[in-house]
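Listed below, chain by chain, are the residues.
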Amino acid sequence: MSNISAGHHPRTTSERVQAFLRALRYLLDVLRARPLFAVGYGIVVGVVVLAIFAPLIAPYPPETANPVDFLQPPSWRHLLGTDATGMDIFTRIIYAPRIDLTIAIAGTAISAIVGSLIGATVGYYQEVGGVPSFFSGFVMRSADVLQAFPVFVFAIALVAIFGQSLQSIIAAIAFLNIPIYLRLMRSQVMSIRRMRFVEASYVAGTPDRYIILRHVIPNSMAPVLAQLSVNIGWSVLLTAGLSFVGAGVVAPTPEWGSMIAMGFQNIITGQWWPSVFPGIALAVTVFGFALVGASIEVLADPARRRAMAGTMRQRRTKEA
Amino acid sequence: MRVVRYIGKRMLFIGPQLFGIILVSFFLVKLIPGDPAVMMLGPLATEATLTELRNEMGLNLSLVEQFYIYIKNLVLHGDLGRSWQTTRPVTEDLFLRMPATLELITLGLILGLLIGVPLGVGAAYLKRGILAKFSDYYGLLAGALPDFWLALVLIFFFYTILGWVPPPLGRLDFFTIAPPTVTGALLIDSLLDGNWAALGSAAGHLILPVVTLGLISGGPILKMTQSTMDRMLESDYSRYEEMCGLPKSIIIRHALRNSLPSVVTIVSVLYGFLIGGAVLVEIVFSWGGAGQYAVQGVLNADINPVLGFVFFAAVLSLIIYLIVDLIYFAIDPRVRG
């Protein structure tokens, strides 16, 4: 839990532990009041675990074609069937988040860090007047222009420019998301900047840089974190979309979007499994991240958090 | 009078905004590697013919000069260059393809509204009911489903298994004679022409892509309607109406009327997004729309279609936002005030 005076009176270890336990209890209360949120955390943890232990769980190698076993329907030998080249779909589905989540998390993290830093600076100086204000206005207008582009075509163009690789997909996603965090952080900072404690710190002669990093940013993180989780899900969708048109991850590498693309022709002739299963995995993952994002939103809002924790405690005392 | 002044003020910004968008996209798209001359003439062309073609296309000039020529042609002649893939002027290509995209996303959003608004109103009014739960799940799910995958699943059920719809290959059956182009929207054109065969075929081909976009865009419309209706039903005027004993239908109608501006906003945002964002659905159904044209352009270093598409999309979004402002004026007395 961020504390307004964190910089001025350092907390002892036991205080920190207590604060952590309190936060954990809030989380548990909220999860109990909204079980759907728990499902979200379950999905996210499950997908990450599957991705990490994929080599141990997967029954087949993920990128080896086996022409003899092509387009086998789901069976005990191939749980989710095989695709047109005979690769095992179950294997590839649990390998895929290694690529999809890496791209989504890295891209989103970069955009959140860069966007938040620029947004915080812009928001802090917006109303100062003079050169800083002019510069802030310029940054915002540039963000307007960037956001006026059709997202998907812009993403494909970026990948085409940087060359088709993991890094360039990450860069494209980071680039596309920067304006979101820029705006979010800016509006947060503009309201926090007017608060008493920030003014007090300014009057006390604290340097701007210190105020932004220690007071303003920590206190405006909550909506950024909520956005982060939702955005990871959205970036997975975008990555899959890019791969689906052939501008993202290239074929034998296991990735949900390109797997759906590979099964595209088969679905019309009736072999549904090569496309349907990766799509379900993709949707469930995005669903999970959206739920985690929604739960962070509740946790970060003190009023809603207390209301939820309160009803849980009442119920508990009633039961006792 | 306020309307005119307001729109006049908006118009002032349109020019610079469009210029900024073209400027950025021009230099960005020029960075895409690949030599159009080599792409056009193939790998066997001699260096001399390549140089000749490059000179003809103005590729030997500096980027700034090329940009100047591009802008000049656009402003003076409305010329957006040629696509080397279709060998036709980009403007003509886009006038052919944009209506296909617009017809698709307009119908998709109408379906989205038909799904999202009633569900949102119901969920806001009956907070604890099954409807509210269903709306919750639906909103989350619609945001999580990849549209191109949903399209494939629908094709599997309704084409492959049930055979209720035509194959996902374009906007008309192969042997149906297309109506003469008036608006470019096939439904309207075939009605004007009285060509019932084309009307039926076009409608059949539209069903699945429209349902796909409608189901996906219904999610955000639902969420927006629900949260705004929630606020409106909690507000003082709704409570007062309730205390006075007015019937439910009137209370809901008044709250809905006050929620309309946010519904209009979300629809306009979705519309702007879908002009390019419907491209995956277009590809699945071989729709031949504008988004697909642009994506083909990027993938084949054919830059004029990409720039032309970005320009068209920007102009269309600006027009949509302008229409939205006019709608605000019409439905919200607070803006007029």
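Predicted model only: the values in this text are computed from it and were never measured.

As a further point, take the overall build of chain B. Of the regular secondary structure elements, chain B holds 15 helices and zero strands. Projected onto its principal axes, the C-alpha positions of chain B cover 85 × 55 × 40 Å. Counting over 337 residues, chain B shows a buried share of 49%. Of the contacts made within chain B by residues no fewer than 6 positions apart, 72% connect residues no fewer than 24 positions apart.

Let us now look at the interface of chain B and chain A. The interface is formed by 39 residues belonging to chain B together with 38 residues belonging to chain A. Here chain B packs against chain A, burying approximately 3200 Å² in sum over the two surfaces, 89% of which is carbon and sulfur. The tally of links between chain B and chain A comes to zero salt bridges. The tally of links between chain B and chain A comes to four residue pairs in polar contact (both at pLDDT 80 or more). Those elements that provide at least two residues to the side of chain B that touches chain A are α1 (2-30), α6 (130-144), α7 (147-161), α11 (248-277), α12 (279-284), α13 (290-299) and α14 (303-331) of chain B. A class-by-class count of the residues in the side of chain B that touches chain A yields 33 nonpolar, five polar and one charged.

Residue and element names in this part refer to chain B. Positive phi outside glycine occurs at Thr-87, with the angle close to 55°. By secondary structure assignment, the location of Thr-87 is in the loop between α4 (63-77) and α5 (90-125). Classification of Thr-87 as exposed rests on a relative accessible area of 54%. Located in the positive-phi region is Ala-301, a residue other than glycine, with phi close to 50°.

With that out of the way, let us pick up the packing of aromatic side chains. Under the counting rule described, the total for this entry stands at 15 aromatic pairs over all chains. Here B:Phe158 and B:Trp164 contribute two aromatic rings whose centre-to-centre distance is 6.0 Å and whose plane-to-plane angle is 40°, an arrangement assigned as tilted. Members of the aromatic cluster, connected to one another through ring pairs, are B:Phe19, B:Phe26, B:Phe27, B:Phe67 and B:Tyr70. Looking at A:Arg193, its charged tip hangs above the ring of A:Tyr124, at a distance of 4.5 Å from the centre.

Residue and element names in this part refer to chain A. Looking at where His-78 falls in the secondary structure, it is placed in the loop between α3 (54-57) and α4 (89-125). For His-78, a relative accessible area of 3% gives the class buried. Among the polar contacts made by the side chain of His-78, one reaches the side chain of Asp-88 at a distance of 2.9 Å. What His-78 contacts, discounting residues up to four positions off in sequence, is Tyr-60, Asp-69, Pro-73 and Asp-88.

Further remarks concern the confidence of the model for chain B. Within chain B, residue pLDDT values average 86, and 99% of them lie at 70 or more. Across chain B, element-level confidence peaks in α5(B) with a mean pLDDT of 93 and bottoms out in helix α15 (residues 333-336) of chain B with 70.

Next up on the list: α5(B). In this model, α5(B) (36 residues) spans 50 Å end to end at C-alpha, consistent with the 52 Å of a helix rising 1.5 Å per residue. For α5(B), the principal kink sits at B:Leu96 and spans about 25°; a proline, B:Pro99, occurs within the next four residues.

Residue and element names in this part refer to chain A. Interhelical geometry of helix α11 (residues 256-268) versus helix α12 (residues 273-300) gives an angle of 145° and a closest axis separation of 7 Å. Crossing angle aside, the handedness with which α11 passes α12 is left-handed. When α11 is examined against α12, the residues Trp-256, Met-259, Ile-260, Gly-263, Phe-264, Asn-266 and Ile-267 are found in contact with a partner set consisting of Pro-274, Ser-275, Val-276, Pro-278, Gly-279, Ala-281, Leu-282 and Thr-285.

Turning to the pattern of salt bridges, a few remarks are in order. Pairs can form between side chains of opposite charge once their charged atoms are near each other. Residues and elements named next belong to chain B. Under the definition given, this model contains five salt bridges over all chains. Notably, a salt bridge pairs Glu-103 with Arg-171, separated by 3.1 Å at the nearest N-O pair. With Glu-103 in helix α5 and Arg-171 in the loop between α7 and α8 (186-193), this pair connects stretches of sequence that are 68 residues apart. Arg-171 matches Glu-103 in its accessibility class, with the two residues each being buried. Across the salt bridge formed by Arg-239 and Glu-234, the nearest N and O atoms sit 3.1 Å from each other. Connected via shared salt-bridge partners are Arg-88, Glu-92 and Asp-93.

Our focus in this paragraph is the layout of surface pockets. Residue and element names in this part refer to chain B. Of the pockets and cavities examined, the second largest pocket occupies roughly 800 Å³. Along the wall of the second largest pocket there are 29 residues; nearest its centre are Met-57, Leu-59, Gly-81, Arg-82 and Asn-304. Elements with a minimum of two residues in the lining of the second largest pocket: α1, α2 (36-41), α3 (47-57), α4 and α14. In terms of residue count, α4 provides more of the lining of the second largest pocket than any other element does, five residues in total. Here the lining of the second largest pocket is built from residues that sort into 16 nonpolar, eight polar and five charged.

The terminal C-alpha atoms of helix α10 (residues 221-244) of chain A, which comprises 24 residues, lie 34 Å apart, in line with the 34 Å expected from a rise of 1.5 Å per residue. One or two steps after α10(A), the chain reaches A:Gly246, where phi turns positive at roughly 85°.

On to the packing of helix α8 (residues 196-203) of chain A against helix α9 (residues 208-219) of chain A, then. All names here are of chain A. In contact at an axis separation of 11 Å, α8 and α9 are set at 165° when each is read in the N-to-C sense. Between α8 and α9, the crossing angle belongs to the class labelled roughly antiparallel. Viewed along their axes, α8 and α9 form a crossing whose handedness is right-handed. Here Phe-197, Val-198, Ser-201 and Tyr-202 of α8 come into contact with α9, specifically with Asp-208, Ile-211, His-215 and Asn-219. Partitioned by chemical class, the residues of the contact of α8 with α9 number four nonpolar, three polar and one charged.

Cut-offs applied
- Chains are numbered independently. Their residues run from 1 in the order of the written sequence.
- Each chain is given a letter, starting from A, and each ligand a number, starting from 1, according to the order in which they appear as written.
- Only residues with pLDDT of at least 70 get local features here, since the model is predicted, and only at 80 or more are side-chain atom pairs given and counted; chain-wide, interface and lining totals rely on the full set of residues.
- Here the side-chain values reflect all heavy atoms present in the structure, with hydrogen atoms and water set aside.
- Under the DSSP-based scheme used, a helix requires at least four consecutive residues in state H or I and a strand at least two consecutive residues in state E, with every element numbered from the N terminus.
- Type-normalised accessible area, obtained with a 1.4 Å probe on protein chains alone, sets the label of each residue: buried when under 20%, exposed when over 50%, and partly exposed for intermediate values.
- The contact definition used throughout considers only heavy atoms, calling two residues in contact when any of these lie within 4.5 Å.
- By definition, the buried area sums, over both parts, the 1.4 Å-probe accessible area that each loses when the two are put together.
- Any carboxyl oxygen of Asp or Glu within 4 Å of a side-chain nitrogen of Lys or Arg constitutes a salt bridge here.
- Counting of polar contacts relies on pairs of N or O atoms within 3.5 Å, with two restrictions inside protein: one atom must be capable of donating a hydrogen and the other of accepting it, and residues adjacent in sequence are counted only when both atoms are side-chain atoms.
- For this scheme, ten residues count as nonpolar: Ala, Val, Leu, Ile, Met, Phe, Trp, Tyr, Cys and Pro. Four count as charged, namely Asp, Glu, Lys and Arg, and the remainder, Gly too, count as polar.
- By convention, a stacked pair of Phe, Tyr or Trp rings (six-membered ring in the case of Trp) has centres within 6.5 Å and planes under 30 degrees apart, an edge-to-face pair has planes over 60 apart, and any other such pair is tilted.
- Each ring is checked for a lysine NZ or an arginine CZ that lies within 6 Å of its centre and within 35 degrees of its normal; such an atom marks a charge sitting over the ring.
- Per-residue confidence from the predictor is given as pLDDT, running between 0 and 100.
- To estimate how far a helix should extend, the number of its residues minus one is multiplied by 1.5 Å.
- We define the bend at any residue as the angle between the axes fitted to the seven residues before and including it, ending there, and the seven starting there.
- In this analysis, axes come from line fits to C-alpha atoms, helices being fitted only over the stretch in contact, and the angle between any two N-to-C directions falls in the range 0 to 180 degrees.
- In this scheme the handedness of a crossing depends on how the near helix is turned from the far one: anticlockwise by less than a right angle means left-handed, clockwise means right-handed.
- We place a 1 Å grid over just the protein atoms. Points where a 1.4 Å probe fits but has no way out form a cavity, open points with protein on both sides within 12 Å along at least 5 of 7 lines form a pocket, and any residue with an atom within 4 Å of a point lines it.
- Grid points are joined across faces, edges and corners, and a volume is the space filled by probe spheres set on the points.
- Orientation is classified from the angle alone, with under 35 degrees giving roughly parallel, over 145 giving roughly antiparallel, 65 to 115 giving roughly perpendicular, and any other angle giving oblique.

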